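Chains, contacts and geometry: an overview
One letter stands for each residue in the lines below.
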Amino acid sequence: GSRVAVDKGRKSTMARPSEIVVSTSISDHSTVFAHDIRTGAQLAAYKASPGRPNQACVLGSDYLVAADLRKPLLHIWSWDRENTLSRSITSARLASVCASPDGIFLYGGTEEGEMLAWEVSTGSLVRKWNAHYSAVSKLSVSGSGSWILSVSKDGLVRVWDSSVVLNAAFQADEAVSPSCTWKAHSLAVCDISVTNGPFPRALTVSLDRTCKLWCISTGELLSSVSFPTALSSCCLDELERFAFLGKQVSFM
């Protein structure tokens with residue numbers, strides 16, 4: 001079985017700034033850090049098992065979640081407590097996690113290409129389905145929560161309608177068809193960044209050395225830019241003026 005347990009009765013009491021940067025380190029003693037974005041001050045260091053950058057996310061306004069690299073486990077913290085608040089066993093090791101903007105649902109992608117959705121308040125597994133042919137590298141949710149986007153080592157980008165994924169009329173293991181599949185990348189897709197406006201767009205980067213911008217509602221490829229090196233991470237600023245791209249060896 002697969003169940004996620006979060007003690008919603010325990011709310012964070014840490015006085016924290018309105019904007020926080022959450023980052024992860026990749027080492028034998030991995031840590032999830034929280035920093036004040038304005039001052040650079042470290043607010044907390046949450047001890048975790050070794051993990052990858054896309055295996056951690058913020059859940060609602062009170063919690064942090066990180067997947068275990070070696071075991072089918074989720075580690076959960078509250079902001080004001082550096083020790084783990086709880087651990088939940090999952091049905092498979094997760095390669096990526098993300099939460100809905102309201103913190104009601106948690107999504108996970110596995111090394112085998114499956115995706116899972118849990119209802120946080122009950123811990124129940126809402127849906128588990130085959131999403132990709134290879135590991136799900138990154139998950140992202142649009143600002144409205146309407147669209148779930150997944151990228152994979154299989155080179156595909158897929159868009160999922162959350163109203164279909166979370167529909168209680170379906171069985172938890174019933175297949176889900178993507179609303180759209182983007183096939184323009186020729187190698188593994190490593191990261192995706194989604195905007196929060198009424199007409200959200202998605203930025204993707206790949207080992208094929210390209211960065212691509214998509215319109216989520218129409219599925220149209222808006223732009224594609226080639227670079228001299230493989231790309232591993234990306235981010236769009238809030239006003240969609242700039243794209244920040246990273247490669248695998250400490251370079252932006």
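Before going into details, it helps to say that this report is about the structure given with it. Predicted model, so just to flag it, every value in this text is computed and none were measured.

Procedures and definitions
Residues numbered from 1 in each chain as written. Predicted model: local features only at pLDDT ≥ 70, side-chain atom pairs only at ≥ 80, totals over all residues. Heavy atoms only, no water. Phe/Tyr/Trp six-rings, centres within 6.5 Å; stacked < 30°, edge-to-face > 60°. Helix = DSSP H or I, 4+ residues; strand = E, 2+ residues; numbered from the N terminus. Buried < 20%, exposed > 50% of the residue type's maximum accessible area, 1.4 Å probe, protein only. Contact = heavy atoms within 4.5 Å. Salt bridge = Lys/Arg side-chain N within 4 Å of Asp/Glu carboxyl O. Pairing = 2+ DSSP bridges. Axes fitted to C-alpha atoms, helices over the stretch in contact; angles between N-to-C directions. Core = buried A, V, L, I, M, F, W, Y, C linked by side-chain atoms within 4.5 Å.

Focus: the packing of aromatic side chains
One pass over the structure, following the stated rule, counts three aromatic pairs. Ring centres of Tyr46 and Trp77 lie 5.9 Å apart, and the angle between their planes is 50°; this geometry places the pair in the tilted category. Taken together, the residues Tyr46 in strand 3 (residues 42-47) and Trp77 in strand 6 (residues 73-78) connect sequence positions 31 residues apart. Taking 5.5 Å as the distance between ring centres and 70° as the angle between the ring planes, the aromatic pair formed by Trp129 and Trp160 counts as edge-to-face. Highlighted residues: Trp129 in strand 11 (residues 125-130) and Trp160 in strand 14 (residues 157-161), separated in sequence by 31 residues. The same class applies to Trp129 as to Trp160, namely buried.

Focus on the environment of Ser152
Along the chain, the position of Ser152 falls in strand 13 (residues 147-152). By relative accessible area, which is 0% here, Ser152 ends up buried. Between the alpha carbons of Ser152 and Ala135 there is a distance of 5.7 Å; along the sequence they are 17 residues apart. Each residue touching Ser152, except ones within four places of it in the same chain, is listed here: His132, Ser134, Ala135, Val136, Ser137, Ala188 and Val189.

Here's the deal with the pattern of salt bridges
Under the counting rule described, the total for this entry stands at five salt bridges. Close ionic contact of Lys128 with Glu114 constitutes a salt bridge, the shortest N to O distance being 3.8 Å. You can see Lys128 sitting in strand 11 and its partner Glu114 sitting in strand 10 (residues 114-119), a full 14 residues away along the chain. Of the residues examined, Lys128 reaches a relative accessible area of 26% and is grouped as partly exposed. Between Lys138 and Asp191 there is a salt bridge whose closest N-O contact spans 2.8 Å. You can see Lys138 sitting in strand 12 (residues 136-141) and its partner Asp191 sitting in strand 16 (residues 189-194), a full 53 residues away along the chain. Note on accessibility: Lys138 and Asp191 belong to one class, buried.

Observations concerning the pairing of strand 19 (residues 221-226)
In the sheet, strand 18 (residues 210-215) pairs with strand 19 via five bridges, with the strands oriented antiparallel. Bridge pairing links Cys211 to Val225 in strand 19. Counting the residues that bridge the hairpin from strand 18 to strand 19 gives five residues, and of these Gly219 lies at a positive phi of roughly 80°.

Digging into the sheet that holds strand 18
Read across the sheet, four strands follow the order 16-17-18-19 without closing on themselves; strand pairing throughout is antiparallel. Pairing within the sheet leaves two strands with one partner each, and these edge strands are strand 16 and strand 19. Pairs of neighbouring strands in the sheet enclose a mean axial angle of 15°, with direction left out of account.

Concerning the sheet that holds strand 15 (residues 180-182)
In spatial order, the strands read 12-13-14-15; together these four strands make up an open sheet with antiparallel pairing. Taken across any chain shown, the strands that pair with only one partner, and hence form the sheet edges, are strand 12 and strand 15. Averaged over neighbouring strand pairs, the angle between their axes works out to 20° when direction is ignored.

Concerning unusual backbone geometry
Positive phi outside glycine occurs at Arg209, with the angle close to 75°. Residue Arg209 is classed as partly exposed on the basis of its relative accessible area, which comes to 43%. Although it is not a glycine, Glu240 adopts a positive phi angle of roughly 60°.

Examining the nonpolar core
Tyr107, Met115, Trp129, Ile148, Trp160, Val165 and Leu166 are the most contacted members of the largest nonpolar core, which totals 16 residues. Listing elements by their share of this core, those giving two or more residues are strand 9 (105-110), strand 10, strand 11 and strand 12. Looking at this core, the element that brings in the most residues is strand 12, giving three residues. Once residues lying within four places of it in the same chain are set aside, the contact partners of Trp129 are Gly113, Glu114, Met115, Leu116, Ala117, Trp160, Val165, Glu174 and Val176.

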